[in-house]
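Observations on chain architecture
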Amino acid sequence: MPSTLVECVPNFSEGRDAAKVDAIIAAMKVPGVYLLDREMDSDHNRCVITLVGEREAILEGAIRGVGKAAELIDLNTHQGAHPRMGAADVVPFIPIDGVTLADCVAMAKQAGAEIYKRYGVPVYLYEAAATRPERQGLENIRRGQFEGIRAEVATNPARMPDFGEAALHATAGATVVGARKALIAYNVFLNTADVEIAKKIAKAVRFSSGGFKFVKGAGFLVRGQAQVSMNLTDFEQTPIHRVFEFVKREAARYGVVPVSSEIVGLIPKQALEQAAEWFLQVENFDSSLILENRLASVMGGKTAIGGLRAGIEPFIEQLAAPTATPGGGSAAAASGAMAAGLASMVASMSRGKKAWLAYEPQHSEAIARLATLREELKAAIDADATSYNAVMASYKAAKVSDDGKTLINAALREAAGVPLGVAEKSSEVTRIAESLRTITSPMMASDLTTSIALAGAAIKGALANVEINLKSMQEESMEELSAEDEAFLSETRARVAAIAG
């Protein structure tokens, strides 16, 4: 598996000419980028391409796709049911593995700058990458579509692109680039051709007009049937089965029923698991009951059979074993990782809830940062043990080396650096957890208290490990330290002091 994995789901304003779509896909398939799905819809005159790849590769592929679309698609002659403002209409980056939402925001900004630089296509940033609150919603940016924005952008500062001048590209319009969580494009077909009914149902279900949070909706006439077209921007908060049942009940008000539904692009497995649990009413359902999930989790080392205790027991027993590693440094890193995990859980449980809606940006920022800290602290569990083993190896090597002191001190610097990083990261976890106290549910105050206590233990234990390695460096060097060691000691002492506050 690549070390970073990002999904990109660009939407292009072409759903009828397969040759043009093929050319756009070919432009995006740089090494390290893989095509997962392609959807073309002639009524909407739009295609949705699903790609996945390593961070740098998929960034370049997305940029090239926008350039090829600008070359091939002329919005002056484009007609279709779906709203559009660009040849490459929207380009979202979605974190999958080894990256955070914050990383995808940085990618979106880099892509926006490069798209305008290479192709002269102005770019607006949306969702998590938005530079203004009103631009988080794609529908706000796209209001008026290509023709309306083209007429307004030169005179209305509110329509100024984030990258580019106050004018659209003559044929390619403007592209909206952003970062978001996994989105489900979900359409429900009704047994009527009356598109006004679909529009009324869409108005009832979408958040902007009083419906479900994380749902956007519109009504269209597609293949002779009224269609309620929806985007579910956070299926964990507003699941797909709840949306379907609501559409079904609303349809009954007008004497119609859903006859089918469709997924455009791909859908996360968890969304279907949620729907299966809800419709089947399975008692005590857990995703680990699914054979393939359990198999992947056990074989990937993420789960041990026998409950929560079974998952952590091997590490505890390794700590208890009469061996030097894993030791206090690894335990401190594990404590910091658990602290970050708990704080993230508290923020996630409050995000999107009505009582805490005003703090959603702070929740999202905390969750994104805590995810990075959690991964780095987990990595430090092994890194600390590895650095200790390297110190022991350096003492042995020093016995047959003319420069044994240099070898030992180099290993000691690394052995001090790992717990120093643990202490700094755990200190940041503490600050984030403290900041969540007043903007999350008071029912979870004990979880934050536990998180802060765990982070405090991590800091105290990690700094003790730093100190013992610094002391060993000074003892090993006797009266004289090298300039490199002196600089390291000075910098490390300063960083320790900063943690202590």
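**Considering the sheet that holds strand 11 (residues 258-264)**
Spatial ordering of the open sheet is given by 9-10-8-11, a layout of four strands whose pairing is antiparallel. Edge positions in the open sheet fall to strand 9 (215-222) and strand 11, since each of these has one partner strand only. Direction aside, the axes of adjacent strands within the sheet are offset by 20 degrees on average. Examined bridge by bridge, strand 9 and strand 10 (residues 225-232) share eight bridges and lie antiparallel to one another. Of the residues in strand 10, the one forming a bridge with Val215 is Leu232. Helix 6 (residues 195-205) rests against strand 8 (184-190), strand 9 and strand 10 of the sheet, and its axis sits at about 175 degrees to strand 9. The sheet strands contacting helix 7 (residues 240-253) are strand 8, strand 9, strand 10 and strand 11, and the helix crosses strand 8 at an angle near 25 degrees.

**Topic: the nonpolar core**
If you look at the biggest cluster of nonpolar residues, it comprises 52 residues, and the most contacted ones within it are Phe12, Ile49, Phe93, Ile115, Tyr124, Val176 and Val177. The element contributing the most residues to this core is helix 2 (residues 55-72), with eight residues. Beyond its immediate sequence surroundings of up to four residues, Ile115 is in contact with Ile63, Val66, Gly120, Val121, Val123 and Val177. Among the nonpolar cores identified, the runner-up in size contains 45 residues, and Ala398, Ala455, Ile459 and Val466 belong to it.

**Overview of the pattern of salt bridges**
All chains considered together, the criterion is met by 27 salt bridges. Of the charged contacts in the structure, one is a salt bridge between Asp89 and Arg46, with a shortest N-O distance of 3.0 Å. Taken together, the residues Asp89 in strand 5 (residues 88-97) and Arg46 in strand 4 (residues 46-53) connect sequence positions 43 residues apart. Each member of the pair Asp89 and Arg46 is classed as buried.

**Comments concerning the packing of aromatic side chains**
Here the structure, examined in full by the defined rule, presents three aromatic pairs. With 5.1 Å between their ring centres and 75 degrees between their planes, Phe212 and Phe246 make a pair best called edge-to-face. Of this pair, Phe212 sits in the loop between helix 6 and strand 9 while Phe246 sits in helix 7, and the two are 34 residues apart along the sequence. Summarising the aromatic geometry, the rings of Trp278 and Phe279 are spaced 4.9 Å apart at their centres and angled 90 degrees between planes, so their arrangement reads as edge-to-face. Classification of Phe279 by relative accessible area gives partly exposed; the value is 42%. It is Lys213 that lies over the ring of Phe214; its NZ or CZ is 4.8 Å from the centre.

**Focus: the pairing of strand 4**
Each regular strand displays side chains that alternate between the two surfaces of the sheet. A large share of strand 4 lies buried, amounting to eight of its eight residues. Where burial is concerned, the two faces of strand 4 agree: the one with Arg46, Val48, Thr50 and Val52 and the one with Cys47, Ile49, Leu51 and Gly53 are both buried. Bridge count for strand 1 (residues 5-8) against strand 4 is three bridges, and the pairing is antiparallel. Bridge pairing links Glu7 to Val52 in strand 4. Two strands pair when backbone bridges link them, and strand 2 (residues 11-12) and strand 4 are joined in this way by two bridges, in the antiparallel orientation. Within strand 4, the residue paired with Phe12 across the bridge is Cys47. Across eight bridges, the pairing between strand 3 (residues 33-41) and strand 4 is antiparallel.

Each value, and the rule that gives it
- Residues numbered from 1 in each chain as written.
- Predicted model: local features only at pLDDT ≥ 70, side-chain atom pairs only at ≥ 80, totals over all residues.
- Heavy atoms only, no water.
- Pairing = 2+ DSSP bridges.
- Helix = DSSP H or I, 4+ residues; strand = E, 2+ residues; numbered from the N terminus.
- Axes fitted to C-alpha atoms, helices over the stretch in contact; angles between N-to-C directions.
- Contact = heavy atoms within 4.5 Å.
- Core = buried A, V, L, I, M, F, W, Y, C linked by side-chain atoms within 4.5 Å.
- Buried < 20%, exposed > 50% of the residue type's maximum accessible area, 1.4 Å probe, protein only.
- Salt bridge = Lys/Arg side-chain N within 4 Å of Asp/Glu carboxyl O.
- Phe/Tyr/Trp six-rings, centres within 6.5 Å; stacked < 30°, edge-to-face > 60°.
- Lys NZ or Arg CZ within 6 Å of the ring centre and 35° of its normal.

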